[in-house]
Amino acid sequence: MDLNFSQEEEAFRQQVRSWLRANVPRNKPMTSREGDDDKTWLENAKSWQRKLFESGYVALAWPKEYGGQALDPVRQSILNDEMVQARAPQLVGLMGLGLLGPTLISWGTEEQKRRYLPKILTAEEIWCQGYSEPGAGSDLASLRTRAEIVGDEFVVNGQKIWTSGAQYADMIFCLVRTDSDAPKHRGISYILIDMHSPGITIRPLVQMTGERGFNEVFFDNVRVPRKNLVGKLNEGWMVANSTLLHERSVLGAATGSQQLFNRLLELARTIKRNGHPLTQDPVIRQRLADLEIRVEAMRFHCYRQLTDQIHGRPPGMESMVNKLVGTELNHDIATAAMELMGDYSMLARKQEAVLDRGFWPYEWMFSLGLVIGGGTSHIQKNIIAERGLKMPKSR
Ligand SMILES: Cc1cc2nc3c(=O)[nH]c(=O)nc-3n(C[C@H](O)[C@H](O)[C@H](O)COP(=O)(O)OP(=O)(O)OC[C@H]3O[C@@H](n4cnc5c(N)ncnc54)[C@H](O)[C@@H]3O)c2cc1C
């Protein structure tokens, strides 16, 4: 394997880097964490995505006919790296860009691709994911939200939970039961629902970070056109899994861990104990070295995933391993930071003595959520064992 980038790729990296240097917005609320009201940060975040799109830096690998540039995945991976290095705000349309978009490219009808993909790119329509239900998390196929076909429409009734971003999303890609008599993995369909439809109620839930990150979403006789079905009726499980594989590659990116580790290193250089920075303490050095080795291993593992993309293979085992290892690694890095900070780790961001502007306590709580979201570590281990290593099924 050749791990070097070509001259053209390096030139592209330089071009992206200088564009980001000149354009990354600073000192504006860009996420719900920074903004006091949803409207302001959301407007800022949408216009940031639009600006990136207009400069040719969104979804580089998507086909040209739907607004992409049909560039190779290496360029997309360079762009992702540079965004993280520049601490550029994350894209508000991530669910559309990372999860639904690639799913529609594989499974959508021509009409669906033309209708939805361009608006995902420009952040004109923000998407959320309606999978989990109160009785169907890890065991997703037990979901009970049902859709009956009446004429040219589905009529949807039921409840979703933990729906991230539902409070400001325009659309939801949703799993519904369309045949209650079929075995549980059959009888499920994948449909696209307008979040502004009559009959939808959204109740925000506050996470331990203090943010209103996710929601309960209730459907009461919500009418959805039949043409919003993705894939075949009752065969949504396959489509759902394709989205999940994309989700796991998004969650397990290595550059985030590298960036987090660099920030931990800065912290260890800043905090002094007995007159010396913590980077001179042999026990702390050992801990940092251990984490850095894991970050490096993760970086090389991610190249396997990139190799799959270069060869046009859909995300598979590699993305599951990345999700498991990457999300746990990020949480371990944040845990190390909390321990280095000692009692200061308890301080919230608006307090005077807070270290690193309160980044670490937030990151520690947030990264724990990502170990669970998109399938918990236990479930990832089961999948890797059963599907990857062909071990006997767990009971
Ligand atoms: C930050 C965050 C964002 C999220 N965003 C969304 C979203 O936008 N849309 C959406 O649909 N969902 C979302 N979720 C929900 C997420 O997908 C579920 O929380 C997750 O799948 C686990 O389901 P559960 O919470 O019902 O836990 P449960 O399934 O009840 O699991 C409880 C515990 O039992 C363990 N367990 C369960 N079954 C097994 C098994 N067979 N073997 C071993 N251990 C097992 C689990 O690992 C876990 O530790 C989000 C979750 C989080 C934390």
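Above this text is the structure in question.
The rules we used
Residues numbered from 1 in each chain as written. Predicted model: local features only at pLDDT ≥ 70, side-chain atom pairs only at ≥ 80, totals over all residues. Heavy atoms only, no water. Patch = residues over 30% accessible without salt bridge, like charges linked within 9 Å, V, L, I, M, F, W, Y side chains within 5 Å. Areas by Shrake-Rupley, 256 points an atom, 1.4 Å probe, with all protein chains shown as cover. Salt bridge = Lys/Arg side-chain N within 4 Å of Asp/Glu carboxyl O. Helix = DSSP H or I, 4+ residues; strand = E, 2+ residues; numbered from the N terminus. Buried < 20%, exposed > 50% of the residue type's maximum accessible area, 1.4 Å probe, protein only. Phe/Tyr/Trp six-rings, centres within 6.5 Å; stacked < 30°, edge-to-face > 60°. Contact = heavy atoms within 4.5 Å. Axes fitted to C-alpha atoms, helices over the stretch in contact; angles between N-to-C directions. Parallel < 35°, antiparallel > 145°, perpendicular 65-115°, else oblique. Left-handed = near helix turned anticlockwise from the far one by under 90°. Nonpolar A, V, L, I, M, F, W, Y, C, P; charged D, E, K, R; others polar. Near = heavy atom within 4 Å. Polar contact = N/O pair within 3.5 Å; in protein donor to acceptor, adjacent residues only side chain to side chain.

Colleague: I would appreciate a short explanation of a nonpolar patch on the surface in the present structure.
Modeller: A grouping of Met 1, Leu 3 and Phe 300 is seen on the molecular surface, where their side chains present a nonpolar patch of about 340 Å² in accessible area. Considering the arrangement of structural elements, one finds Leu 3 in the segment before helix 1 (7-23). What makes Leu 3 partly exposed here is its relative accessible area of 39%.

Colleague: Please clarify how the packing of aromatic side chains should be interpreted in this entry.
Modeller: Between two aromatic rings, the relevant description is the distance of the centres plus the angle of the planes. Applying the stated criterion across every chain, the model contains eleven aromatic pairs. Ring centres of Tyr 131 and Phe 173 lie 6.2 Å apart, and the angle between their planes is 90°; this geometry places the pair in the edge-to-face category. Of the two residues, Tyr 131 sits in the loop between strand 1 (127-130) and strand 2 (146-150) while Phe 173 sits in strand 4 (residues 171-177), which places them 42 residues apart along the sequence. On the basis of an interplanar angle of 10° and a centroid distance of 5.7 Å, the ring pair of Tyr 362 and Phe 366 is categorised as stacked. Of this pair, Tyr 362 and Phe 366 both sit in helix 10 (residues 359-372), four residues apart, roughly one helical turn.

Colleague: I'm lost on the environment of Asp 220 in this one. Help?
Modeller: Among the secondary structure elements, Asp 220 is positioned in strand 7 (residues 214-225). On the basis of relative accessible area, Asp 220 is assigned to the exposed category, the value being 51%. Distance in space between the C-alpha atoms of Asp 220 and Thr 201 is 8.2 Å, their sequence separation being 19 residues. Setting aside residues up to four positions removed in sequence, Asp 220 forms contacts with Val 156, Asn 157 and Gly 199.

Colleague: I tried to follow the packing of helix 4 (residues 94-107) against helix 5 (residues 110-121) on my own but got confused; where do I start?
Modeller: Helix-helix packing is characterised by the crossing angle of the two axes and by the distance between the axes. Interaxial distance between helix 4 and helix 5 falls to 10 Å at its minimum, and their mutual angle equals 160°. When the axes of helix 4 and helix 5 are compared, the pair comes out roughly antiparallel. The hand of the helix 4/helix 5 crossing is left-handed. Here helix 4 contributes Gly 96, Leu 97, Leu 100, Gly 101, Leu 104 and Ile 105 to the contact with helix 5, which in turn contributes Gln 112, Lys 113, Tyr 116, Leu 117, Ile 120 and Leu 121.

Colleague: How do you make sense of the packing of helix 3 (residues 73-85) against helix 8 (residues 282-310) when you look at a structure like this?
Modeller: In contact at an axis separation of 9 Å, helix 3 and helix 8 are set at 140° when each is read in the N-to-C sense. Counted together, Pro 73, Val 74 and Ser 77 of helix 3 and Leu 306, Gln 309 and Ile 310 of helix 8 form the full contact between these two elements. Broken down by class, the residue content of the contact of helix 3 with helix 8 amounts to four nonpolar, two polar and no charged.

Colleague: Explain the site of the ligand to me, please; I cannot follow it from the model alone.
Modeller: Surveying the vicinity of the ligand reveals 18 residues, the closest of which are Ser 132, Ser 138, Trp 162, Thr 376 and His 378. Within the side chain of Asn 382, one N or O atom sits 3.1 Å away from a nitrogen atom of the ligand. Within the complex, 65% of the 980 Å² of free accessible area of the ligand lies under protein. Sorting the residues of the shell around the ligand by element identifies helix 10 and helix 11 (377-388) as the ones contributing at least two each. Top contributing element to the shell around the ligand by residue count: helix 11, with three residues. Looking at the shell around the ligand residue by residue, the class counts come to six nonpolar, twelve polar and no charged.

None of the figures reported here should be taken as evidence of function without further support.
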